[in-house]
Amino acid sequence: MVSHLTVIDPRHGLAGQRLELVSSRSARGRAFVVVRLPDGRRRSIRRSVTDLAAASPEEQGASKALARINVRTLLTLLHNLNSTLAPLSRR
């Protein structure tokens, strides 16, 4: 069972945050999971905005061994790569 998840939708208010998974079932339905926010409150969020969306149950169990990167870090890396490669493309 996955104990944490990352919000991967950049438009979501919790984008890039790694949150504790409290329950894979929510009172709001199968499309939602319950997470614990950094301040300790619980909240239901759509499964589709998390990295659980694409993972099968088998992959979810194996996901602890996989490296993870949050959206904010990825966007920063992409920005730096773009600024590094931009002068090369002008030549």
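Residues numbered from 1 in each chain as written. Predicted model: local features only at pLDDT ≥ 70, side-chain atom pairs only at ≥ 80, totals over all residues. Heavy atoms only, no water.

Colleague: Account for the pairing of strand 4 (residues 42-46), with residues named and values stated.
Modeller: Relative to strand 4, strand 3 (residues 32-36) runs antiparallel, the two sharing five bridges. Among the inter-strand pairings, R36 is bridged to a residue of strand 4, identified as R42. In this antiparallel pair of consecutive strands, strand 3 and strand 4, the connection spans five residues, and G40 shows a positive phi of 95°. (Pairing = 2+ DSSP bridges. Helix = DSSP H or I, 4+ residues; strand = E, 2+ residues; numbered from the N terminus.)

Colleague: Before we move on, can you summarise the pattern of salt bridges with the specific residues and values?
Modeller: Close approach of charged atoms allows side chains of opposite charge to pair. A full pass over the atoms with the stated rule returns three salt bridges. With its nearest N and O atoms 3.2 Å apart, the salt bridge here joins R11 to D9. Note on D9: relative accessible area 16%, which makes it buried. R36 is paired through a salt bridge with E20; the nearest N and O atoms lie 3.1 Å apart. Residue R36 is located in strand 3, and its partner E20 is located in strand 2 (residues 18-23); the two are separated by 16 residues in the primary sequence. (Salt bridge = Lys/Arg side-chain N within 4 Å of Asp/Glu carboxyl O. Buried < 20%, exposed > 50% of the residue type's maximum accessible area, 1.4 Å probe, protein only.)

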